[in-house]
Amino acid sequence: MGTAITDTYKKSQQLLASDPIRAVVVVVAVVLFFDLGWQLASGQTPVSELGVLIKDGLMRGLFFGLAGIGLSMTYSILSFANFSHGDLITGGAFAGMMATYVVAGGFGAEADLGSLLLVGAGGSVFGASLGIGVATSPIAVLIGVLVAGASAIALALAIDRLAYRPIRDRSGIALLITSVGVAFALRYLIQFVFGPGRRGVTASGDVPSVAIPLVDGIVSLDLHEVSLVVVAVALMGGLHLLLQRTKLGKAMRAMADNEDLARVTGIPTERVIRFTWIIGAGLAGVAGYMFVIWNGTLHWFQGWVLLLPVFAAVILGGIGSIYGAIVGGLVIGLTMSVSVVWIPTGLSRAAAFVVMIVVLLVRPTGIFSGRSTA
C-alpha cells in the first residue's frame, strides 16, 4: 500500500515537472468530480436536477455535432472556415418551418396562406394554434425536415456557384472574408422576409413524454427530444457508412488528405466539392430545423448565435475531423449545461470555451488530431 502511494506521488511529480498544464487540468478535474459527488451526497444538487442538465447537454451536443459536420467537411476539403454556415442553419430552419406551417395550417384552415408562408410573421398565426409537433402533426414535421435539408442544399450550391467558385483558387483568407459577407447578406435577407421577431413554433403542451425515475425525482424525456436523438444518430451513422463504404466517401477522404494527389489520380474534384456542399448543407438545414422543434422558438439570428459553439465543437474535436466534430459537440453541449452546477447560468457559454481552450493547451490539434474528414 505504501509503495503504491509512493509510486503515485512520484508519477505526479514527474507529470508536474514535464507537463504542468496537464497536471493542473487533472487536479482541477479531480476537484470538480469530488465536489460534484459531495453536492449530490449532501442534497445541495439533486440527482434529478443533474439528470435534467445532462439530458439538456446531450440534446445540445447532438445538434452541435450534427451542424458541425458540414463545417468540418468544408474546412477539410475546401480549406476555409465558412462563417455563413450558421445562416445556412437558420435558412434551413425557416424553410422547413414554412413548409410545416403550410401543411399543418391546411392552406387556410387556421390562417391565410401568406401568413403561413411567413411563419406567422408579426404574430399573425402561432405554432401552438396549428398544433405543430411530432405527435400532433407528424406529416407536417416530416415534410419540414425534408424541405429544411433540401432548401439548405439549394442555398449552399447557389452561394458556391456565385460567390465561392470564382475565387476558389485564391487564399483561404479571401474565402473566409467572402463567407462573412455572405453570412450578413443571408441573415438580413431572412430578417427582411420573415421579420425580426422571435416566435414560438410548436404546441409544447401536447408533446408526449416518458418519466424516468431517479433517486430523488424524475427526468422527463419527451417525443421532440427522442426525435432529435433519432434523427441525429441516424444521419451520423449514414454519413459514416457513406465515407467508409462508398466510392464517393473514399474520394472525399482522399481529397481531404491531399487535393493535388487526388486530382492527379483522376478523382473528379469538382464533383467531390459539390457533394461536400450537399452533405454539409443538408445536415446543417436538418440540424437547424430539429433544434427549432426541440427548442420551440425560431428567430432570424438563431444560426449566428449557435455558430460559435458549433465552431468550438469543431475546433475541440480536431478541425477537419467529422468524428471529432461529433465528440466535440457532445463535450461543448454537456459543458454548457452541467457547468451551471458551479457557475451562474449566464457564464455557461464561457465555460464551454474555457474547456475548449484548456483541451487545446493539452492537445493543440484537438481530440481527433490527425484524422481528417473520417
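Keep in mind that this is a model prediction, so the values were computed, not measured.

J.: Which residues make up the overall build of the chain, and what values go with them?
T.: Helix and strand counts for the chain stand at 15 helices and four strands. In terms of C-alpha radius of gyration, the chain reaches 23 Å, essentially the compact-globule figure of 21 Å for 374 residues. Along the first, second and third principal axes, the C-alpha atoms of the chain reach 80 × 60 × 35 Å. Counted over contacts in the chain with a minimum sequence separation of 6, partners at least 24 positions apart contribute 75%. Distance from the positive charge centre (22 side chains) to the negative charge centre (18 side chains) of the chain: 11 Å.

J.: Let's hear about the packing of helix H3 (residues 47-78) against helix H9 (residues 223-245): which residues, and what values?
T.: It is the contact of H3 with H9, at a shortest axis distance of 10 Å, that shows an interaxial angle of 35°. When you trace H3 past H9, the crossing you get is left-handed. Taken together, the residues of H9 that come into contact with H3 (itself represented by Lys55, Met59, Leu62, Gly65, Leu66 and Ile69) are Glu225, Leu228, Val229, Ala232, Leu235, Met236 and Leu239. Across the contact of H3 with H9, the residue classes break down as 10 nonpolar, one polar and two charged.

J.: Break down the pattern of salt bridges for me, with residues and values.
T.: Taken as a whole, this structure holds five salt bridges when the rule is applied. A salt bridge links lysine 55 to glutamate 225; the shortest N-O distance between them is 3.1 Å. Here glutamate 225 lies in helix H9 and lysine 55 lies in helix H3, a separation of 170 residues in the sequence. There is no split in this pair, since lysine 55 and glutamate 225 are both buried.

J.: Lay out helix H14 (residues 322-338) in plain terms, naming residues and giving numbers.
T.: For H14, built from 17 residues, the straight-helix expectation of 24 Å at 1.5 Å per residue is met to within 8% by its first-to-last C-alpha distance of 24 Å. With respect to burial, H14 is a largely interior element, 13 of its 17 residues being buried. Backbone nitrogen of glycine 324 and a side-chain oxygen of the N-cap are separated by 3.0 Å at the start of H14; the cap is serine 321.

J.: Lay out helix H2 (residues 20-42) with the relevant residues and their values.
T.: For H2, built from 23 residues, the straight-helix expectation of 33 Å at 1.5 Å per residue is met to within 8% by its first-to-last C-alpha distance of 33 Å. Buried within H2 are the following residues: Ala23, Leu36 and Gln39. Phi for glycine 43, located one or two positions after H2, is positive at around 85°.

J.: Describe the pairing of strand S3 (residues 218-222), and please don't skip the residues or the numbers.
T.: Two strands pair when backbone bridges link them, and strand S2 (residues 209-213) and S3 are joined in this way by five bridges, in the antiparallel orientation. When the sheet's bridge partners are listed, alanine 211 is paired in S3 with serine 220. In this structure, the hairpin formed by S2 and S3 is closed by a connection of four residues.

J.: Tell me about the UniProt feature "transmembrane region" (unreviewed entry) in the chain, and please be specific about residues and values.
T.: Per the UniProt record, "transmembrane region" (unreviewed entry) is found at residues 20-41, 62-83, 89-109, 139-159, 171-190, 226-243 and 272-294. The distance from the first to the last C-alpha atom of residues 20-41 is 32 Å, and the span holds 100% helix and 0% strand. Between the end C-alpha atoms of residues 171-190 the distance is 29 Å, and the span holds 95% helix and 0% strand.

J.: Requested: an account of the nonpolar core, with residues and values cited.
T.: Core analysis: the largest hydrophobic core is formed by 87 residues, its most contacted members being Phe63, Ile69, Met97 and Tyr101. When residues in this core are grouped by element, the largest group, 15 residues, is from helix H12 (residues 269-295). Beyond its immediate sequence surroundings of up to four residues, tyrosine 101 is in contact with Leu116, Val119, Gly120, Val125, Phe126, Gly127, Leu130, Ile132, Gly200 and Val201. Ranked by size, the runner-up nonpolar core spans five residues in total, among them Leu36, Leu53, Val338 and Val341.

What counts as what
Residues numbered from 1 in each chain as written. Predicted model: local features only at pLDDT ≥ 70, side-chain atom pairs only at ≥ 80, totals over all residues. Heavy atoms only, no water. Helix = DSSP H or I, 4+ residues; strand = E, 2+ residues; numbered from the N terminus. Rg over C-alpha atoms; globule rule 2.2 N^0.38 Å. Contact = heavy atoms within 4.5 Å. Lys, Arg positive; Asp, Glu negative; His and termini not counted. Charge placed at Lys NZ, Arg CZ, Asp CG, Glu CD. Axes fitted to C-alpha atoms, helices over the stretch in contact; angles between N-to-C directions. Left-handed = near helix turned anticlockwise from the far one by under 90°. Nonpolar A, V, L, I, M, F, W, Y, C, P; charged D, E, K, R; others polar. Salt bridge = Lys/Arg side-chain N within 4 Å of Asp/Glu carboxyl O. Buried < 20%, exposed > 50% of the residue type's maximum accessible area, 1.4 Å probe, protein only. Expected span 1.5 Å × (residues − 1). Polar contact = N/O pair within 3.5 Å; in protein donor to acceptor, adjacent residues only side chain to side chain. Pairing = 2+ DSSP bridges. UniProt positions renumbered as here; feature names shortened; annotations may be inferred. Core = buried A, V, L, I, M, F, W, Y, C linked by side-chain atoms within 4.5 Å.

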